[in-house]
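Per-entry structural report
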Amino acid sequence: VQLQASGGGLVQTGGSLRLSCAASGRTFSTYTMGWFRQAPGKEREFVAAITWSGGSTYYADSVKGRFTISRDNAKNTVYLQMNSLKPEDTAVYYCARKWGRVGPQANSDQYDYWGQGTLVTVSS
């Protein structure tokens, strides 16, 4: 399984970006997928997750109402639409596949495959 994240860049405060994560493999549609981020000097933190069907989504409190996670199983791709961006959203964003069928969405130990990360920089 390979995950390829893209879509990062430099944006001003209040701007928007859409991240994409393309996955290889035929079992993409059976797994929950998540996005995490890591800011300089900080630990990696959970951002959002979406179940295999897209029927349920989960968000960190810090991004709720501003970010939207979605997926297109026909394209083996998961997206993260980020609106109203703030400087504190600056980080490397990683997509990941959740191997655990149960367990907290926000726990990075529940994820086995990770993309290489894409840098999002929000200028003030």
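Below you will find a few notes about this structure.

Definitions and cut-offs
- Counting restarts for each chain, with residues numbered from 1 along the sequence as it is written.
- Totals for whole chains, interfaces and linings use all residues, but because this is a predicted model, local features are given only for residues with pLDDT of at least 70 and pairs of side-chain atoms are given and counted only at 80 or more.
- Neither water nor hydrogens contribute to the side-chain values; these are computed over all heavy atoms in the structure.
- Note on conventions: DSSP H or I runs of at least 4 residues are helices, E runs of at least 2 residues are strands, and numbering of each starts at the N terminus.
- Just to be clear, the radius of gyration here is over C-alpha atoms, and the globule rule we use is 2.2 Å times residues to the power 0.38.
- Only protein chains enter the area calculation, which uses a 1.4 Å probe; residues under 20% of their type maximum are buried, those over 50% are exposed, and those in between are partly exposed.
- The contact definition used throughout considers only heavy atoms, calling two residues in contact when any of these lie within 4.5 Å.
- When charges are tallied, Lys and Arg are placed among the positive residues and Asp and Glu among the negative ones, while His and the ends of the chain are skipped.
- Charge coordinates come from a single atom per side chain, which is NZ of Lys, CZ of Arg, CG of Asp or CD of Glu.
- Among buried residues, those of type Ala, Val, Leu, Ile, Met, Phe, Trp, Tyr and Cys that are joined through side-chain atoms within 4.5 Å constitute a nonpolar core.
- Put simply, a disulfide is two cysteine sulfurs that come within 2.5 Å.
- To pair, rings of Phe, Tyr and Trp, with the six-membered ring standing in for Trp, must have centres within 6.5 Å; the planes then decide the type, stacked if under 30 degrees apart, edge-to-face if over 60, and tilted in the middle.
- Any Lys NZ or Arg CZ found within 6 Å of a ring centre and within 35 degrees of that ring's normal is scored as a charge over the ring.

1. Some remarks on the overall build of the chain
- For the chain, the helix and strand inventory stands at 0 helices and 11 strands.
- Along the chain direction, N to C, the helices and strands of the chain fall in the order β-β-β-β-β-β-β-β-β-β-β.
- Taken against the 2.2 N^0.38 rule, which gives 14 Å for 124 residues, the C-alpha radius of gyration of the chain at 13 Å falls within 12% of a compact globule.
- Within the chain, the fraction of its 124 residues that count as buried is 44%.
- Counted over contacts in the chain with a minimum sequence separation of 6, partners at least 24 positions apart contribute 55%.
- In the chain, 13 side chains carry a positive charge and 8 a negative one; their mean positions are 7 Å apart.

2. Some details on the nonpolar core
- Core analysis: the largest hydrophobic core is formed by 32 residues, its most contacted members being Trp 35, Val 47, Phe 67, Val 78, Leu 80, Met 82 and Tyr 93.
- Looking at this core, the elements that each hand over two or more residues are strand E1 (3-6), strand E3 (17-23), strand E4 (32-38), strand E5 (45-50), strand E7 (67-72), strand E8 (77-82), strand E9 (91-98) and strand E11 (118-123).
- In terms of residues, this core owes the most to one element, E5, which gives 5 residues.
- Not counting chain neighbours up to four residues away, the residues in contact with Val 78 comprise Leu 19, Ser 20, Cys 21, Phe 28, Met 33, Trp 35, Ile 50, Ile 69, Ser 70 and Arg 71.

3. Concerning the state of the cysteines
- Summed over the entire model, instances satisfying the criterion amount to 1 disulfide.
- Residue pairing for Cys 21: its cysteine sulfur links by disulfide to Cys 95, the two sulfurs lying 2.1 Å apart. Here Cys 21 and Cys 95 share a disulfide; its torsion about the S-S bond, 65°, makes the bridge right-handed. In this pair, Cys 21 sits in strand E3 while Cys 95 sits in strand E9, placing the two residues 74 residues apart along the sequence.
- Accessibility expressed as a relative area gives 0% for Cys 95, which makes it buried.

4. Some words on the side chain of Thr 118
- Tracing the sequence through the fold places Thr 118 in strand E11.
- On the accessibility criterion, Thr 118 (9% relative accessible area) is buried.
- Contact partners of Thr 118, with chain neighbours within four places excluded, come to Ala 5, Ser 6, Gly 7, Gly 8, Leu 19, Ala 91, Val 92 and Tyr 93.

5. Examining the packing of aromatic side chains
- Applying the stated criterion to the full structure yields 4 aromatic pairs.
- The interplanar angle of 75° and the centroid separation of 5.6 Å between the aromatic rings of Phe 36 and Phe 46 together place this pair among those described as edge-to-face. Taken together, the residues Phe 36 in strand E4 and Phe 46 in strand E5 connect sequence positions 10 residues apart. The pair formed by Phe 36 and Phe 46 is uniform in burial state, with each residue classed as buried.
- Considering the side-chain rings of Phe 36 and Tyr 111, the 4.9 Å spacing of their centres and the 80° angle between planes classify their relative orientation as edge-to-face. In this pair, Phe 36 sits in strand E4 while Tyr 111 sits in strand E10 (residues 111-114), placing the two residues 75 residues apart along the sequence. Just as Phe 36 is buried, Tyr 111 falls in that class too.
- An aromatic cluster is present here, built from Phe 36, Phe 46, Tyr 111 and Trp 114 joined pairwise through their rings.
- If you follow Arg 44 out to its NZ or CZ, it ends over the ring of Tyr 94, 4.2 Å from the centre.
- Stacked on the ring of Phe 28, the Lys or Arg Arg 71 has its end atom at 4.5 Å from the ring centre.

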